[in-house]
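Residue-level listing of the chains:
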Amino acid sequence: MSAEPLSPSETEIRLESLPGWALEGDRITRTFRLPSHFAAAALTVHIAQIQDELNHHSDLTLGYNTVALAVHTHSAGGAITEKDLALAARVAAAAPAHGAE
């Protein structure tokens, strides 16, 4: 998977297929709201597993009933790449099973 930086406009276009994800500065971000703290913790563990599978890790924050991610590619100078979008897509696919909105 390419670690070539995407332009901000290309990133915005690609994020159209990932509802809830946004470009904030040099990162793509998303906060999920869940029905309970336990559900949020379970989603966090699931995200950690996805990150290990992809060998690509985000800043991941567990709140009472929220999980927040912020991701960019360090090896591309902190730019957004295909790796970030692949991670976002995998997380977006996994989140509903945990009751995430």
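Above this note sits the structure.
Attention here is on the structure that accompanies the text. (Residues numbered from 1 in each chain as written. Predicted model: local features only at pLDDT ≥ 70, side-chain atom pairs only at ≥ 80, totals over all residues. Heavy atoms only, no water.)

## Let's talk about the sheet that holds strand E2 (residues 27-33)
As a reminder of what qualifies: Any two strands with at least two DSSP-identified bridges between them are counted as paired. A run of H or I in DSSP becomes a helix once it reaches four residues, and a run of E becomes a strand once it reaches two; helices and strands are each numbered from the N terminus. Only the stretch in contact is used when a helix axis is fitted, and all axes are lines through C-alpha atoms; the angle between N-to-C directions ranges over 0 to 180 degrees. Contact criterion: two residues are considered in contact whenever any of their non-hydrogen atoms come within 4.5 Å of each other.
Within the open sheet, the 4 strands sit side by side as E1-E2-E4-E3. Their pairing is antiparallel. Of all the strands in the sheet, just strand E1 (22-24) and strand E3 (59-62) have a single pairing partner and so form its edges. Direction aside, neighbouring strands of the sheet carry axes that sit 25° apart on average. Pairing of E2 with strand E4 (residues 66-71), which is carried by 6 bridges, proceeds in the antiparallel orientation. Counted as the bridge partner of Thr31 is Ala68 from E4. Along the sheet face, helix H1 (residues 8-15) touches E1 and E2 and points at about 150° away from the line of E1.

## A look at the packing of helix H2 (residues 37-54) against helix H3 (residues 82-94)
Using the following cut-off: The hand of a helix crossing depends on one turn: near helix anticlockwise from the far one by less than a right angle means left-handed, and clockwise means right-handed.
Where H2 meets H3, the closest approach of the two axes is 10 Å, and the angle between their N-to-C directions is 145°. Crossing geometry of H2 relative to H3 is assigned as right-handed. On H3, the residues that touch His46, Ile47, Ile50, Gln51, Glu53 and Leu54 of H2 are Ala86, Leu87, Arg90, Val91 and Ala94.

## Observations regarding the nonpolar core
Put simply, the test is: The criterion is simple. A nonpolar core is a set of buried Ala, Val, Leu, Ile, Met, Phe, Trp, Tyr and Cys residues joined through side-chain atoms within 4.5 Å. Remark: exposure states derive from per-residue accessible area (1.4 Å probe, protein chains only) relative to the maximum for the residue type, with buried under 20%, exposed over 50%, and partly exposed in between.
Residues Trp21, Ile28, Phe32, Leu34 and Leu43 are the most contacted members of the largest nonpolar core, which totals 23 residues. Counting residues per element, the ones that place at least two in this core are E2, H2, E4 and H3. When near neighbours in sequence (up to four residues on either side) are disregarded, Trp21 contacts Leu15, Ile28, Thr29, Arg30, Leu69, Val71, Ala88, Val91 and Ala92.

## With respect to the environment of Glu10
Position of Glu10 relative to the elements: it lies in helix H1. Distance from Glu10 to Ile80, taken between C-alpha atoms, is 9.9 Å for residues 70 residues apart in sequence.

## Concerning the pairing of E3
Where E3 and E4 come together, 4 bridges link them in antiparallel fashion. Residue pairing in the sheet places Leu62 in a bridge with Val67 of E4. In this antiparallel pair of consecutive strands, E3 and E4, the connection spans 3 residues.

Just geometry here; none of it tells us what the structure is for.
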